[in-house]
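Chain by chain, the residues run as shown.
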Amino acid sequence: MLNIENFRLNKNKKNSFDNIKELKNFIENFFLQKNFKKFLSETSRILDLDENVVVLKSKKLLSQKFIFKSNCFEQSFNFLKIVNQLLIFLMIYIKILFGKKKEKISKKDLVIFNIDKVDDIEKFKKILSSFNSSVIISKNKIDFNNISDHIQDTYLKKNLILNYKNNYLDLRYRDKDEKYFIRTNIIHEKAIKLDINCIQNKLQVFKFALSLFFKSIKLKFNLLQLFNIILYSKIKNYSIFKTFKAKYLLQDRINYTCSIRNSLFKKMGGLVQGCIQTHLAEASISLFNDIDVFFTFGDEQNSKNILTSLGSRVEKSLPAGSLRLENYFNNSSKEFNYDKEIDILVFGVNLYNWLYVNNDSKINYYKFLDYIRTLADNYKDLRIAIKHHPYYINDDREIEIMKGSKVIYLDKKINSYSLIKNSKLFFSYSSTMIVETNSIFGKSYFLDPNNCNNVMFGKNHHLNKIKLVDFFEIKNVIDTFILNKDNQKKAYTDICLDSKNVSELIVNNLKFYERNIKHSEF
């Protein structure tokens with residue numbers, strides 16, 4: 001039997017992408033073992049789910065248990081944790097027993113998932129306004145009488161006017177003449193009561209969970225926890241789609257996709273699920289995702305190929321551009337833009353799993369910061385600024401590298417898109433802002449000092465043309481675009497479309513599926 005507690009990545013391995021592949025292969029082999037194959041088969045039968053759907057969900061859940069920083073899986077066996085999972089199951093089971101019978105299904109055109117805050121609703125406004133009816137499933141409860149508490153972006157806090165009443169969303173701005181009146185239900189996911197029919201054979205589920213309690217102790221692996229998550233995903237999503245029947249399902253963030261949700265959506269009358277790209281197809285978040293149509297930044301297939309090579313299911317990949325760029329840049333007011341000029345704008349990144357995939361990844365990242373420090377020392381007359389992500393947590397090592405330098409740190413809460421128009425050149429280690437700004441100015445580059453950021457660029461071959469490695473190469477770009485004032489645009493549609501009609505492209509492609517299905521019925 002494969003021992004999950006002994007699994008480690010070889011941090012000395014040079015290719016970080018290969019390490020992710022190694023993790024993927026281990027997880028796949030882990031579930032090929034007799035006891036775990038039986039668990040997957042029985043779970044799918046008892047919960048009336050397709051086995052391939054349960055397999056993909058289980059692999060994703062296990063991949064999320066790997067802690068890259070510690071280079072090990074979370075402790076899989078702990079008696080008290082297994083007892084705790086038994087208590088959790090009993091709570092879920094009681095909820096199932098006291099579920100409500102849904103009397104009427106509300107038919108909608110579109111359902112949107114993974115809404116965390118008002119910013120996310122605002123981002124989808126054009127898409128929502130293109131449909132007669134929709135439902136938004138929020139992960140957090142939003143108080144529409146006090147929306148400021150549910151908005152992260154400083155620009156939106158100041159300028160967004162939003163009213164929601166009687167399932168109508170009135171959305172407008174203080175700084176520009178742009179208005180939307182949208183018919184939509186906005187529902188906190190926990191407010192949807194479980195349907196009494198979400199599980200048919202309730203006694204069988206109870207007996208199976210009890211058997212998993214003892215099996216988890218025997219195998220020293222918390223199968224009950226895995227089952228609880230799968231069970232809850234089934235009953236929650238079944239109840240949502242028993243309440244709201246929609247034609248199209250849409251979300252962003254590839255690592256938030258769910259094979260159980262997508263499968264139930266289509267089994268219960270849905271046509272197609274789409275996922276909008278918001279991150280690079282970075283290897284550590286590309287494991288075991290589930291997508292019907294992947295709307296990518298640019299006209300390329302590398303992102304899809306990366307996902308499928310790492311165990312994800314992606315049926316189709318279509319170019320659309322950047323939804324945020326469409327909303328913030330292409331439709332911005334004069335007041336939106338930052339009023340100070342920036343010569344070189346450096347987009348920061350969140351220090352996530354990718355930093356710990358191998359030793360070279362960390363060395364490479366901090367060499368990138370050294371490059372920025374050296375550039376500031378060499379070009380003393382240039383205004384070089386770093387803008388970190390709003391969720392960025394201060395990094396002591398970065399602080400030490402930049403100590404005493406002329407690098408300007410901008411408020412991380414500033415809207416990054418407001419900085420674009422008055423900046424001349426853009427650098428980053430791996431921010432998607434480089435992809436997006438390339439489509440506008442063509443003066444945007446990833447910096448990869450040791451040419452070893454394979455977790456980001458190893459298979460994203462289309463990005464190599466905007467990647468700089470050698471320090472002299474970087475200086476040449478600065479001299480060309482800033483000192484010599486060369487305004488030649490080098491934008492590439494395979495990297496990112498111009499993002500002027502992103503929402504329209506997404507809506508048209510979703511509706512294309514409906515027309516095809518109707519045509520095939522004749």
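Criteria and thresholds
- All residue numbers here refer to positions counted from 1 along the written sequence of the relevant chain.
- At least 70 in pLDDT is required for a residue's local features to be given in this predicted model, at least 80 for side-chain atom pairs to be given and counted, and no such filter applies to totals for whole chains, interfaces and linings, which use all residues.
- Side-chain measures here rest on the full set of heavy atoms in the structure, leaving out hydrogens and waters.
- The pairing criterion for strands is at least two bridges between them, as found by DSSP.
- Under the scheme used here, helices are H or I runs from DSSP no shorter than 4 residues and strands are E runs no shorter than 2 residues, and both carry numbers assigned from the N terminus.
- Note on geometry: axes are C-alpha line fits, over the in-contact stretch for helices, and angles between N-to-C directions span 0 to 180 degrees.
- Two residues qualify as a contact provided that any one of their heavy atoms is within 4.5 Å of a heavy atom in the partner residue.
- Every angle not falling under 35 degrees, over 145, or within 65 to 115 is termed oblique; those three ranges are roughly parallel, roughly antiparallel and roughly perpendicular.
- The sense of a crossing depends on the near helix, which, turned anticlockwise from the far helix by less than a right angle, makes the crossing left-handed and, turned clockwise, makes it right-handed.
- Values of pLDDT, the confidence the predictor places in each residue, fall between 0 and 100.
- Helices are assigned an expected span. That span is 1.5 Å times one less than the residue count.
- Burial here depends on accessible area, computed with a 1.4 Å probe over protein chains only, as a share of the maximum for the residue type. Under 20% is buried, over 50% is exposed, and the range in between is partly exposed.
- It is the directions from the helix axis to the C-beta atoms that the arc portrays.
- Think of it this way: Lys and Arg go in the positive column, Asp and Glu in the negative one, and His and the chain ends go nowhere.
- A carboxyl oxygen of Asp or Glu within 4 Å of a side-chain nitrogen of Lys or Arg is what we treat as a salt bridge.
- To form a nonpolar core, buried Ala, Val, Leu, Ile, Met, Phe, Trp, Tyr and Cys residues must be joined to one another through side-chain atoms within 4.5 Å.
- A pair of aromatic rings is counted whenever rings of Phe, Tyr or Trp (Trp by its six-membered ring) have centres within 6.5 Å, and the orientation is called stacked for planes under 30 degrees apart, edge-to-face for over 60 and tilted otherwise.
- Two conditions define a charge located above a ring, namely a distance within 6 Å from the ring centre to NZ of Lys or CZ of Arg, and an angle within 35 degrees of the ring normal.

Engineer: With reference to specific residues and values, describe the sheet that holds strand E4 (residues 134–138).
Structural biologist: Overall, mixed pairing links the nine strands, which are arranged E5-E6-E7-E4-E3-E8-E9-E10-E11 in an open sheet. Of all the strands in the sheet, just strand E5 (160–165) and strand E11 (313–319) have a single pairing partner and so form its edges. Adjacent strand axes in the sheet meet at a mean angle of 30° when their direction is disregarded. Pairing of strand E3 (residues 106–115) with E4, which is carried by four bridges, proceeds in the parallel orientation. Bridged to Val-111 within E4 is Val-135. Those strands touched by helix H9 (residues 223–243) are E3, E4 and strand E8 (244–252), and its axis lies near 125° from that of E8.

Engineer: Go over the packing of helix H4 (residues 79–97) against H9 with me, naming the residues and quoting the values.
Structural biologist: Two numbers describe a pair of packed helices, the interaxial angle and the distance between the axes. Between H4 and H9, the least distance of the axes is 9 Å, while the angle of their chain directions is 20°. Between H4 and H9, the angle falls in the class roughly parallel. Relative to H9, H4 is oriented so that their crossing is left-handed. Packed against H4, whose contacting residues are Ile-82, Gln-85, Leu-86, Ile-88, Phe-89, Ile-92 and Ile-96, the element H9 presents Leu-224, Gln-225, Phe-227, Asn-228, Leu-231, Tyr-232 and Ile-235 at the interface.

Engineer: How would you summarise the confidence of the model for the chain if you had to cite specific residues and measurements?
Structural biologist: Per-residue confidence for the chain gives a mean pLDDT of 93; residues scoring 70 or more make up 98%. Helix H18 (residues 502–520) is the least confidently modelled element of the chain, averaging 81 in pLDDT, while helix H3 (residues 51–63) averages 98, the highest of any element.

Engineer: Describe H3, naming the residues involved and giving the relevant values.
Structural biologist: Across its 13 residues, H3 extends 18 Å between first and last C-alpha, which sits within 8% of the 18 Å expected from 1.5 Å per residue. Counting buried positions over the 13 residues of H3 gives 11, a clear majority of the element. Of all the residues in H3, the buried ones are Val-53, Val-54, Val-55, Leu-56, Lys-57, Ser-58, Lys-59, Lys-60, Leu-61, Leu-62 and Ser-63.

Engineer: Any chance you could break down the pairing of E4 for me, citing the residues and the numbers?
Structural biologist: When a strand is regular, its side chains alternate between the sheet's two faces. The element E4 is largely enclosed, with a buried count of five among its five residues. By the alternation rule, side chains of E4 split into Ser-134, Ile-136 and Ser-138 and Val-135 and Ile-137, which are all buried. Bridging between E4 and strand E7 (residues 179–188) involves five bridges; their strand directions are parallel. Looking at E7, one finds that Ser-134 is bridged to Thr-184.

Engineer: Pulling in residues and values, what's your account of helix H11 (residues 302–309)?
Structural biologist: Restricting attention to buried positions, one finds in H11 the residues Asn-302, Ser-303, Ile-306 and Leu-307. Taken end-on, H11 shows its buried residues confined to a sector of 135°, consistent with a single buried face. Two residues or fewer after H11 comes Gly-311, characterised by a positive phi angle close to 90°.

Engineer: I'd like a description of the side chain of Lys-126, backed by residues and values.
Structural biologist: Its location among the elements puts Lys-126 in helix H6 (residues 125–129). This buried residue, Lys-126, is left without a salt bridge; Glu-326 holds the nearest opposite charge, at 4.1 Å. Ignoring any residue separated from it by four or fewer positions in sequence, one finds Lys-126 in contact with Glu-178, Tyr-180, Glu-326, Asn-331 and Ser-503.

Engineer: With reference to specific residues and values, describe the sheet that holds strand E14 (residues 408–409).
Structural biologist: Spatially, the six strands line up as an open sheet ordered E14-E13-E12-E15-E16-E17, and their pairing is parallel. The outermost strands of the open sheet, each flanked by one partner alone, are E14 and strand E17 (467–468). Here strand E12 (residues 342–347) pairs with strand E15 (residues 423–428) via five bridges, running parallel. Its bridge partner lying in E15, Leu-345 is registered against Phe-426. Across the sheet, helix H13 (residues 359–378) lies against E12, strand E13 (384–387), E15 and strand E16 (444–447), angled at about 150° from E13, the strand it touches most. The strands that helix H17 (residues 471–483) touches are E12, E15, E16 and E17; relative to E15, the one it contacts most, it runs at about 165°.

Engineer: Outline the pattern of salt bridges, supporting the account with residue identities and numerical values.
Structural biologist: Opposite charge on two side chains allows them to pair when their charged atoms are near. Tallied over the full model, the rule gives 25 salt bridges. A salt bridge links Lys-266 to Asp-292, with the shortest nitrogen-to-oxygen separation between them at 2.8 Å. On the criterion of sequence distance, the pair formed by Lys-266 in helix H10 (residues 259–267) and Asp-292 in strand E10 (residues 290–296) is long-range, its members being 26 residues apart. In this structure Asp-292 comes out as buried when scored by relative accessible area, which is 2%. By sharing partners, the salt bridges in this structure join Asp-116, Lys-117, Asp-120, Lys-123, Lys-139, Asp-252, Arg-253 and Arg-324 into a single network.

Engineer: Please set out the nonpolar core residue by residue, giving values where relevant.
Structural biologist: One finds Ile-127, Phe-227, Leu-250, Ile-372, Phe-427 and Ile-478 to be the most contacted residues of the largest nonpolar core, which totals 171 residues. Looking at which element gives the most residues to this core, the answer is H9, with 10 residues. Not counting chain neighbours up to four residues away, the residues in contact with Ile-478 comprise Ile-344, Leu-375, Tyr-379, Leu-382, Leu-425, Phe-427 and Leu-483.

Engineer: Pulling in residues and values, what's your account of the side chain of Glu-282?
Structural biologist: Position of Glu-282 among the secondary structure elements: in the loop between strand E9 (272–276) and E10. For the buried Glu-282, no salt bridge exists, and the shortest N-O distance to an oppositely charged side chain is 12 Å, to Lys-60. The residues contacting Glu-282, other than those within four sequence positions of it, are Trp-354, Val-455 and Met-456.

Engineer: I'd like a description of the packing of aromatic side chains, backed by residues and values.
Structural biologist: Tallied over the full model, the rule gives 38 aromatic pairs. Taking the centre distance of 6.0 Å and the plane angle of 5° together, the rings of Tyr-328 and Phe-336 count as stacked. A single burial state applies to Tyr-328 and to Phe-336, both of which are buried. Aromatic ring contacts, followed pair by pair, group Phe-7, Phe-26, Phe-30, Phe-31, Phe-36, Phe-66, Phe-68, Phe-73 and Phe-221 into a single cluster. Just above the ring of Tyr-173 sits the side chain of Lys-176; from NZ or CZ to the centre is 4.6 Å. Geometry around Phe-329 places Lys-421 over its ring, the cationic atom sitting 5.3 Å from the centre.

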